[in-house]
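Summary of structural features
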Protein chains: 4
Amino acid sequence: MQQSPSTSRPQLGIGLIGTGFMGRAHALAFGSANAALELPARIHLAALADADSARAEQCAQAWGFDRSHADWQQLVEDPRVQIVAITTPNHLHFPMAMAAIAAGKAVYCEKPLAVSLAQADEMQRSAKAAGVVTQVGYNYQHNPMIGLAREMIEAGELGDIVSFQGEFSEDFMGSATSPWSWRCEAAHAGGALADLGSHLLAMARYLLGDIEAVCADANTVHSQRPASPGSNEMRAIAVDDQTHALLRFASGARGTFSSSWLKHGYKNHLSFEISGTQGTLTYDQERLNELRIYRPGAPGRDGFQRLLAGPAQPGYAAFCPAPGHQLGYNELKALEVQALILAVCGQGSRGPDFEEAWQIERLATAIRLAAHEQRWVALDDI
Amino acid sequence: MQQSPSTSRPQLGIGLIGTGFMGRAHALAFGSANAALELPARIHLAALADADSARAEQCAQAWGFDRSHADWQQLVEDPRVQIVAITTPNHLHFPMAMAAIAAGKAVYCEKPLAVSLAQADEMQRSAKAAGVVTQVGYNYQHNPMIGLAREMIEAGELGDIVSFQGEFSEDFMGSATSPWSWRCEAAHAGGALADLGSHLLAMARYLLGDIEAVCADANTVHSQRPASPGSNEMRAIAVDDQTHALLRFASGARGTFSSSWLKHGYKNHLSFEISGTQGTLTYDQERLNELRIYRPGAPGRDGFQRLLAGPAQPGYAAFCPAPGHQLGYNELKALEVQALILAVCGQGSRGPDFEEAWQIERLATAIRLAAHEQRWVALDDI
Amino acid sequence: MQQSPSTSRPQLGIGLIGTGFMGRAHALAFGSANAALELPARIHLAALADADSARAEQCAQAWGFDRSHADWQQLVEDPRVQIVAITTPNHLHFPMAMAAIAAGKAVYCEKPLAVSLAQADEMQRSAKAAGVVTQVGYNYQHNPMIGLAREMIEAGELGDIVSFQGEFSEDFMGSATSPWSWRCEAAHAGGALADLGSHLLAMARYLLGDIEAVCADANTVHSQRPASPGSNEMRAIAVDDQTHALLRFASGARGTFSSSWLKHGYKNHLSFEISGTQGTLTYDQERLNELRIYRPGAPGRDGFQRLLAGPAQPGYAAFCPAPGHQLGYNELKALEVQALILAVCGQGSRGPDFEEAWQIERLATAIRLAAHEQRWVALDDI
Amino acid sequence: MQQSPSTSRPQLGIGLIGTGFMGRAHALAFGSANAALELPARIHLAALADADSARAEQCAQAWGFDRSHADWQQLVEDPRVQIVAITTPNHLHFPMAMAAIAAGKAVYCEKPLAVSLAQADEMQRSAKAAGVVTQVGYNYQHNPMIGLAREMIEAGELGDIVSFQGEFSEDFMGSATSPWSWRCEAAHAGGALADLGSHLLAMARYLLGDIEAVCADANTVHSQRPASPGSNEMRAIAVDDQTHALLRFASGARGTFSSSWLKHGYKNHLSFEISGTQGTLTYDQERLNELRIYRPGAPGRDGFQRLLAGPAQPGYAAFCPAPGHQLGYNELKALEVQALILAVCGQGSRGPDFEEAWQIERLATAIRLAAHEQRWVALDDI
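In this text, all values refer to a predicted model and were calculated from it rather than measured experimentally.

This part is about the relation of the copies chain D and chain C. Aligned on chain C, chain D shows an RMSD of 0.0 Å; the corresponding rotation is 180 degrees and the shift along the axis is 0.0 Å. What we have between these two chains is a two-fold relation. Residue Arg 375 of chain D, judged by its C-alpha, is the member of chain D lying nearest the rotation axis, at 3.0 Å. With an isologous cut-off of 70% or more, the 98% of interface residues of chain D that recur at the interface of chain C puts this contact in the isologous class.

So this is what it looks like as structure tokens:
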């Protein structure tokens, strides 16, 4: 950590790999975090890497990075970089993260951690051995309303948790003519379960802890898709369009899980209902500033209550001083960055780190196995 | 069928057994059907039976029945009765329905059909052999909005059906102090799956047809409950408080199923989402006059649309001439009565009849077995 | 009141005039009230009148009336009739009600009470002088959820009432080709304010009491309409398509009022928000079994709560033993009938009676005057 | 405009006055606009002013400004500043904006433009005379969903506009113990109408154009408030707690207006319904990523449709590539900054500029006069 000349706070140099949508989301988040959030260190945009050197340089200038690299390995080795942020396609997470760990850098990697459980395991073990801070981009759990949900559950406001109904559906693959992409390749961690469902598994674990056993059913609705938009060439599709599962939590709670990328009408429908012996809580990410809560009351005077995000939740207060003004997707990312900086500065780990991301991959693997073999699978057997 | 003196329409005599909530709901429904619905025969309230003869007579007068019986067998044999309506506790459905079938009467029986699959099978076979008309009180499917949902699905408006997410939750057993009742006894067809879930299974079959295989998980959250309200005497509970399942439809659709009687906040939450290759449809019975539908459209101009019940649906038009005025629970029952009268008069069977009710019981049995043995169960094996 | 031979309760003979939609709604409501509601007297369907004698007889048989009349005056004079129910076009309310009052009968009249304020005043004075019980069909206020709203307001749960935002919009005249009907004639108490707005005025008075002063704006959007569906003949329209107003309540509360019959998308949108120093309450009649309530709470833990109709409200309990099952439009009418029977039996007047209906007409007259003269109008000046 | 050394785009230096919530919101917005939005010039954070020099320097460093000033006049005169952004209390808008205009700088001023109509008029005339670009922070109209609403209205998708129901309510002054602040002083442009209502008037004009005449009612519910939180010293309050009004648009549309800062339960409830001869559109800013639209359709198949913000709207696409991910309050501010930069670069004025802000003040003045004199007021007379 370098001392900034103009302030007593240390400075952390970011090396960002990737300039796609998620790269820009990172850039936006670093800037917003610096401007709006209390951070123990100042974020410095040290370097940006993209294999296309012209694009790398253009984005570096547009986004405020000091320099650009066409070779990500140079970025990893750059001494001005203390945190390596990885936003490249999934199959590159492993080599990039392993190199960063080897260089002793903190790693901030987009989900999924890797394209195989073995890779994910090696990554988490290596990070632990090297003692580097890691964080994986399950950004939705940095939503202050999710933080509130967790507080309520932990404080026992819902009593003992009895059930979980969770779903993450979108419809971007809803049409039979939605074309093939790398997301359709199992070797790139494709399919609805990996792409969307993993966010929901992360959420379920974040809120309710370990899952012990799963049973599942997965299927491919469109077994071939155009090779590109409008193409007549068709490619066979082997990954799941949708996966449904039953979940048994270590706590005794039971539930259902659904993940689909072809459920028409849904655009960002990570939703859940969590019910306990004292109440029920529901969330739908298409309205990410809201939570609905029910607690038993006098007959005729009880009912679900809509909670609107407001400054009573610290992450919200940093961006808006009054309730009802609403955070957006990008601010969840900025809050994720804040968690990262806190962790790198040794001020608590809100995660999820590589170990937790590996647990999420284990769970997804168990679901895939359960669907494949049409039987219950215990997590202990994965 | 007797000729009514004052009209050319024939008259059908009803013999109603039971004077509890459901008995009164039948009485209300017969009256509303007569006054509001087009019927090929006039309903005549011939006789009412209750083991408590004073209550039988009091209710008969209040509800407009010609006479009362303390002995239901007399009612069944009464030549003025053409339709026997059974609203007694579940374990009595079998002897009463069998007697009515033996007497050649049409039978209108509340759900569940029986307290065992063997009974249900015997009842449906006997009815078929005797050639009597039967109908079982899965009243929710007589909701005009459910009729509209079925029309849309059958007309292919949603394309090929891909997924079903269904839930029927209430919370009347939500408290650990909610007392034991006959609903807590497996021998009386108790438990959340039988009590609530069976309505959802009926709905799933009504809308999407046969289910081929199921996997399930069931559990009892409160393993003992007070013997009566406020009692210190506790009774052990063996039936499910909640059941979750995976469903595979013969059509290829896949889905999830949840049923609970302790999910806080829900009062009549029979809800489902049905998604196909061309759209999605959602329903929540706590707003029974609404249906939400999504069809893909121009980007930024599509979205879920709320349909409000209105006179475009025939069953609604009979009760309200303008949309937005809303039917209530009791009017669904009157529409069920209309279906019954049409069936008895040979004008089509909208059902569900005893055979369909037996199929629903088979499905519930498969779910119970799958939960018990923690494995997938094929319906063909039941 | 005659003694019924078969029960100790007295019997009240109904004479119903009119066989249109509202006539049938009355018939349904009498039947449901008899079967489901606790009444101090049994309702007896004594006579039905319609100028078309064949139709009168046919409906009498279908709906269970003892006899029919082509001449409504015979019905009014029939000694078996104790209550005259008037469901004819608005301009007939006056002569029929006046005849019934003269005959010493109770009168149950649909809204609006009359086609002029002078008529309404004469009707209420005559009824008072004759000492007969009267009731006017502002049925929406018999909704148990409206009863709950009034209880809450009266108990001070919202503190001092500060504001009222009310609207009653439908869209049945939304198209320029929606044809002329008697509702388009001022002489028949036509226009959106009289047809729909008067329900909202009744509600505002029922919940918040007297209104002292109004200012208003009214306009006719389609100044001519086809004489009949599809006709090329156009008729000039003078009544309002929409009226907006400001209201000042005697209590000090202030508010807005809107009434339209051409606001697209609304089918039965009688809605209001009532806010006080301690909370806010909202209602939308397109979901008549719901009420939303807000009370200040801990920051981040407060929010609007949805109350679902349930048996905690007596009127609901009579029809459904569990919450969430929902009443329909016709059951509100049955609850209105119960209020009528209680009033006729001297057990309290829930109203609104002719005097209250005249007050509602006075208010509508003030709004019309304010709109015409584009100035504030004090109710004392009407 | 300076040429940036590292790119062909020119650079615009921002001088920001004020470091409160709105100052930080500006800083965030400049950063996000630079990183995410297509701008014809690069934004350069040249200088920050605050009367408290230590705070000015601290914020300058935290937010990335090159230098700080305790004296705002120095900032205005700084040649590196091309745009003066004013986020100070309302009574300072006038001197600061006039100085900036005199210096030939573009002015970006928070609302309301001034504390009197005379000031606002002088400001707009001066800006016009000086030929400087101006923009006022009615940020809510930069919401892409509001842009969509305007597109729909302008394209005639709703037909001729018939009615407007608008409300902007919050509850931050809901308690009698909510203390006095400068917002309670008329001389500082206080009161619910000025503070909140002006946003709604801006919106009404943006969507539907000129308003010709108004009638209004305003009142102060709590006529005194504590001088500070918890204080026993009470201050008399003369400004409105709530204002209701009737609006007549030049287009012929009519409507209602409500503005309150003590309507419990509302946190950011700028809402409206706009209805025309072909459809209706509704919006509630507590869900700023949504719009509801109704167009007449086949009976039983029409209904309100929820549109979710998505990349079909350009402003959204810049921040999120997929629908349903949601913009937040701060991104509306960044879009406002984009409009400003486009205007300064001569690429169209999306406004509102000082002239439009003066029109909004004229309208608010007319409403205040109409409420005070209890009569209709024509805008031509203001």
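Attention now moves to the UniProt feature "domain: Gfo/Idh/MocA-like oxidoreductase N-terminal" (unreviewed entry) in chain A. The UniProt feature table records "domain: Gfo/Idh/MocA-like oxidoreductase N-terminal" (unreviewed entry) at residues 13-138 of chain A. Span residues 13-138 of chain A is 45% helix and 21% strand, its end C-alpha atoms 22 Å apart.

Put simply, the two copies of the chain differ by a rotation about an axis and a shift along that axis. When chain A is fitted onto chain B, the two copies agree to an RMSD of 0.0 Å after a turn of 180 degrees and an axial shift of 0.0 Å. By residue overlap, the copies meet face to face through one surface: 100% of the interface positions of chain A are interface positions in chain B.

All names here are of chain C. For helix α5 (residues 117-130), built from 14 residues, the straight-helix expectation of 20 Å at 1.5 Å per residue is met to within 8% by its first-to-last C-alpha distance of 20 Å. Of the positions making up α5, those classed as buried are Gln 119, Ala 120, Asp 121, Met 123, Gln 124 and Ala 127. Contacts from the buried residues of α5 go to α4 (93-102), β7 (134-136) and α10 (354-373). Gly 131 sits one or two positions beyond α5 and adopts a positive phi of about 70 degrees.

What follows deals with the domain arrangement of chain A. Residues and elements named next belong to chain A. What the domain assignment reports for chain A is domain 1 (11-139) and domain 2 (142-324 + 354-381). On a C-alpha basis, the centres of domain 1 and domain 2 stand 26 Å from each other. Listed per partner, the contact involves 27 residues of domain 1 and 21 residues of domain 2. Between domain 1 and domain 2, a total of about 2000 Å² is buried, with carbon and sulfur atoms accounting for 67% of that surface. Measuring nitrogen to oxygen at the nearest pair gives 3.3 Å for the salt bridge that ties Glu 355 to Lys 128. The tally of links from domain 1 across to domain 2 stands at six residue pairs in polar contact (both at pLDDT 80 or more). Listed by contribution, the elements that provide at least two residues to the side of domain 1 that touches domain 2 are α1 (21-36), α4 (93-102), β6 (106-109), α5 (117-130) and β7 (134-136). Among the elements that take part in the side of domain 1 that touches domain 2, α5 stands out by supplying seven residues, more than any other. Residue composition of the side of domain 1 that touches domain 2, by class: 16 nonpolar, eight polar and three charged.

Counting residues at the interface gives 45 residues for chain A, matched by 46 residues for chain B. Overall, the association of chain A and chain B removes approximately 3200 Å² of surface from exposure, summing both partners, and the carbon and sulfur fraction of that is 53%. Connecting chain A to chain B are eight salt bridges. For Asp 217 of chain B, the salt bridge is made with Arg 254 of chain A, and the minimal N-O distance between the two is 3.0 Å. At the junction of chain A with chain B, the criterion picks out 24 residue pairs in polar contact (both at pLDDT 80 or more). Secondary-structure elements contributing two or more residues to the side of chain A that touches chain B are β8 (161-169), β9 (211-219), β12 (242-249), β13 (254-260), β14 (269-276) and β15 (279-284) of chain A. In the side of chain A that touches chain B, the residues fall into 14 nonpolar, 21 polar and 10 charged.

This part covers the side chain of Gln 313 of chain D. The topology assignment puts Gln 313 of chain D in the loop between β17 (305-308) and α8 (314-317). Here Gln 313 of chain D is in contact with Pro 144, Gly 147, Leu 148 and Glu 151 of chain D, once residues within four sequence places are set aside.

Time to look at the packing of helix α7 (residues 192-208) of chain A against helix α10 (residues 354-373) of chain A. Residues and elements named next belong to chain A. At their nearest, the axes of α7 and α10 sit 9 Å apart, and the two run at 120 degrees to each other. When the interaxial angle is binned, α7 and α10 end up oblique. Our pair here, α7 against α10, has a crossing hand that is right-handed. Where α7 abuts α10, its residues Leu 193, Ala 194, Ser 198, Leu 201, Ala 202 and Arg 205 lie against Glu 356, Gln 359, Ile 360, Leu 363, Ala 364, Ile 367 and Arg 368. Per-class residue counts for the contact of α7 with α10 are eight nonpolar, two polar and three charged.

Orientation of helix α1 (residues 21-36) of chain B relative to helix α1 (residues 21-36) of chain C, taken along the N-to-C sense of each, is 160 degrees, at an axis distance of 10 Å. Considering the angle they form, α1 of chain B stands roughly antiparallel to α1 of chain C. When the axes of α1 of chain B and α1 of chain C are compared, the crossing they make is right-handed. Where α1 of chain B abuts α1 of chain C, its residues Arg 24, Leu 28, Ser 32, Ala 35 and Ala 36 of chain B lie against Arg 24, Leu 28, Ser 32, Ala 35 and Ala 36 of chain C. Looking at side-chain class alone, the contact of α1 of chain B with α1 of chain C contains six nonpolar, two polar and two charged residues.

Here we take up the environment of Ala 202 of chain D. Here Ala 202 of chain D shows up in helix α7 (residues 192-208). According to the relative accessible area criterion, Ala 202 of chain D is buried, its value standing at 1%.

This next bit is on the interface of chain D and chain C. On the chain C side, the residues contacting the 46 residues of chain D number 45 residues. Each partner contributes to the roughly 3200 Å² buried at the junction of chain D and chain C, and carbon and sulfur atoms together form 52% of this total. Where chain D touches chain C, the interface holds eight salt bridges. The partner of Arg 248 of chain C in a salt bridge is Asp 217 of chain D, and the shortest N-O contact between them spans 3.4 Å. At the junction of chain D and chain C, the tally comes to 24 residue pairs in polar contact (both at pLDDT 80 or more). For the side of chain D that touches chain C, the secondary structure elements donating two or more residues are β8 (161-169), β9 (211-219), β12 (242-249), β13 (254-260), β14 (269-276), β15 (279-284) and β16 (290-294) of chain D.

Quick look at the side chain of His 222 of chain D now. Mapped onto the fold, His 222 of chain D is located in the loop between β9 and β10 (224-226). Here His 222 of chain D falls in the buried class, since its relative accessible area comes to 11%. Contact partners of His 222 of chain D, with chain neighbours within four places excluded, come to Thr 277 of chain C together with Met 173, Gly 174, Ser 175, Ala 176, Ile 237, Asp 241 and Leu 262 of chain D.

Another point: the packing of aromatic side chains. Applying the stated criterion across every chain, the model contains 40 aromatic pairs over all chains. Each ring, one from Phe 30 of chain A and one from Tyr 108 of chain A, has its centre 6.4 Å from the other, and the planes form 70 degrees; the classification is edge-to-face. Residue Phe 30 of chain A is located in helix α1, and its partner Tyr 108 of chain A is located in strand β6; the two are separated by 78 residues in the primary sequence. Ring pairing ties together the aromatic residues Phe 21, Tyr 140, Phe 168 and Tyr 329 of chain A, which thus form one cluster. Arg 292 of chain B extends its terminal NZ or CZ atom over the ring of Phe 304 of chain B, reaching a point 4.3 Å from the ring centre.

All names here are of chain D. Most of strand β3 (residues 42-49) sits out of view: seven of its eight residues are buried. Direction of pairing for strand β2 (residues 10-17) relative to β3: parallel, over a ladder of seven bridges. Of the residues in β3, the one forming a bridge with Gln 11 is Arg 42. Viewed along the sheet, the connection from β2 through helix α1 (residues 21-36) into β3 turns out right-handed. Inspection of the sheet shows β3 paired to strand β4 (residues 67-69) by three bridges, in the parallel sense. Across the sheet, the residue bridging to Leu 48 is Ser 68, located in β4. Viewed along the sheet, the connection from β3 through helix α2 (residues 53-63) into β4 turns out right-handed.

As a general rule, the predicted coordinates of low-pLDDT regions are not to be interpreted in detail. All names here are of chain A. Confidence in the prediction of chain A, expressed as mean pLDDT, is 95, and 98% of residues score 70 or more. Overall, residues 1-6 carries pLDDT values under 50, and its contacts beyond four positions in sequence, including any with other chains, amount to 17 contacts. In the predicted complex, the global pTM is 0.96; the interface-specific ipTM is 0.95.

So, how was this worked out
Residues numbered from 1 in each chain as written. Chains lettered and ligands numbered in written order. Predicted model: local features only at pLDDT ≥ 70, side-chain atom pairs only at ≥ 80, totals over all residues. Heavy atoms only, no water. Least-squares fit on C-alpha atoms with pLDDT ≥ 70 in both. Contact = heavy atoms within 4.5 Å. UniProt positions renumbered as here; feature names shortened; annotations may be inferred. Helix = DSSP H or I, 4+ residues; strand = E, 2+ residues; numbered from the N terminus. Expected span 1.5 Å × (residues − 1). Buried < 20%, exposed > 50% of the residue type's maximum accessible area, 1.4 Å probe, protein only. Domains from an automatic or database assignment. Buried area = accessible area lost by both parts, 1.4 Å probe. Salt bridge = Lys/Arg side-chain N within 4 Å of Asp/Glu carboxyl O. Polar contact = N/O pair within 3.5 Å; in protein donor to acceptor, adjacent residues only side chain to side chain. Nonpolar A, V, L, I, M, F, W, Y, C, P; charged D, E, K, R; others polar. Axes fitted to C-alpha atoms, helices over the stretch in contact; angles between N-to-C directions. Parallel < 35°, antiparallel > 145°, perpendicular 65-115°, else oblique. Left-handed = near helix turned anticlockwise from the far one by under 90°. Phe/Tyr/Trp six-rings, centres within 6.5 Å; stacked < 30°, edge-to-face > 60°. Lys NZ or Arg CZ within 6 Å of the ring centre and 35° of its normal. Pairing = 2+ DSSP bridges. Right-handed = clockwise from strand over helix to strand, strands pointing away. pLDDT = per-residue confidence, 0-100.

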